[in-house]
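Geometric and topological summary
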Amino acid sequence: MQLRDELPVDHRLAGVYRYGAALSGLVLLAFGLLGFADRLAFFDTDGEQIAGLSSNGMLSLLSVLSACC
């Protein structure tokens with residue numbers, strides 16, 4: 001059984017799910033690109049503040065990769 005078998009094609013929240021996923025992807029992409037723009041250390045344990053969140057180069061890379069997939 002797959003999820004698409006359970007939900008009808010014209011499910012009323014399908015648009016909300018799509019726009020929410022797109023917005024989340026854009027936020028992750030922006031967070032990752034801001035981290036790359038600040039040239040953060042890749043495995044820094046202190047982390048710099050990017051948009052109010054602690055980040056490093058690895059988290060920036062993972063954010064960009066997860067936004068693109």
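Looking at a nonpolar patch on the surface
Together, Leu-13, Val-16 and Tyr-17 make up an exposed nonpolar region whose accessible area comes to about 290 Å². For Tyr-17, a relative accessible area of 49% corresponds to the partly exposed category.

Things to note about helix 2 (residues 14-37)
The terminal C-alpha atoms of helix 2, which comprises 24 residues, lie 35 Å apart, in line with the 34 Å expected from a rise of 1.5 Å per residue. Of all the residues in helix 2, the buried ones are Ala-14, Gly-25, Phe-31, Gly-32 and Gly-35. Contacts from the buried residues of helix 2 go to strand 1 (48-50), strand 2 (53-55) and helix 3 (57-68). Positioned one or two residues after helix 2, Arg-39 has a phi angle of 50 degrees, which is positive.

Remarks on helix 3
For an α-helix the count is 3.6 residues per turn, leaving residues at separations of three or four pointing the same way. A rise of 1.5 Å per residue sets the reference length of helix 3, with its twelve residues, at 16 Å; its end C-alpha atoms lie 17 Å apart and thus fit the reference within 8%. Looking at helix 3, one finds that the buried residues are Gly-57, Ser-60, Ser-63 and Val-64. Looking straight down helix 3, one finds that the buried residues subtend no more than 125 degrees of arc, so they occupy a single side. In this structure, the buried residues of helix 3 make contact with helix 2 and strand 2. For helix 3, the side-chain oxygen to backbone nitrogen distance between the N-cap and Met-58 is 3.3 Å, and the N-cap itself is Asn-56.

Observations concerning the packing of helix 2 against helix 3
Where helix 2 meets helix 3, the closest approach of the two axes is 8 Å, and the angle between their N-to-C directions is 145 degrees. Crossing angle aside, the handedness with which helix 2 passes helix 3 is left-handed. Here Gly-25, Leu-28, Leu-29, Phe-31, Gly-32, Leu-33, Gly-35 and Phe-36 of helix 2 come into contact with helix 3, specifically with Gly-57, Leu-59, Ser-60, Leu-61, Ser-63, Val-64, Ser-66 and Ala-67. Looking at the contact of helix 2 with helix 3 residue by residue, the classes come out as nine nonpolar, seven polar and no charged.

Rules of the game
- Residues numbered from 1 in each chain as written.
- Predicted model: local features only at pLDDT ≥ 70, side-chain atom pairs only at ≥ 80, totals over all residues.
- Heavy atoms only, no water.
- Patch = residues over 30% accessible without salt bridge, like charges linked within 9 Å, V, L, I, M, F, W, Y side chains within 5 Å.
- Areas by Shrake-Rupley, 256 points an atom, 1.4 Å probe, with all protein chains shown as cover.
- Salt bridge = Lys/Arg side-chain N within 4 Å of Asp/Glu carboxyl O.
- Buried < 20%, exposed > 50% of the residue type's maximum accessible area, 1.4 Å probe, protein only.
- Helix = DSSP H or I, 4+ residues; strand = E, 2+ residues; numbered from the N terminus.
- Expected span 1.5 Å × (residues − 1).
- Contact = heavy atoms within 4.5 Å.
- Arc of directions from axis to C-beta.
- Polar contact = N/O pair within 3.5 Å; in protein donor to acceptor, adjacent residues only side chain to side chain.
- Axes fitted to C-alpha atoms, helices over the stretch in contact; angles between N-to-C directions.
- Left-handed = near helix turned anticlockwise from the far one by under 90°.
- Nonpolar A, V, L, I, M, F, W, Y, C, P; charged D, E, K, R; others polar.

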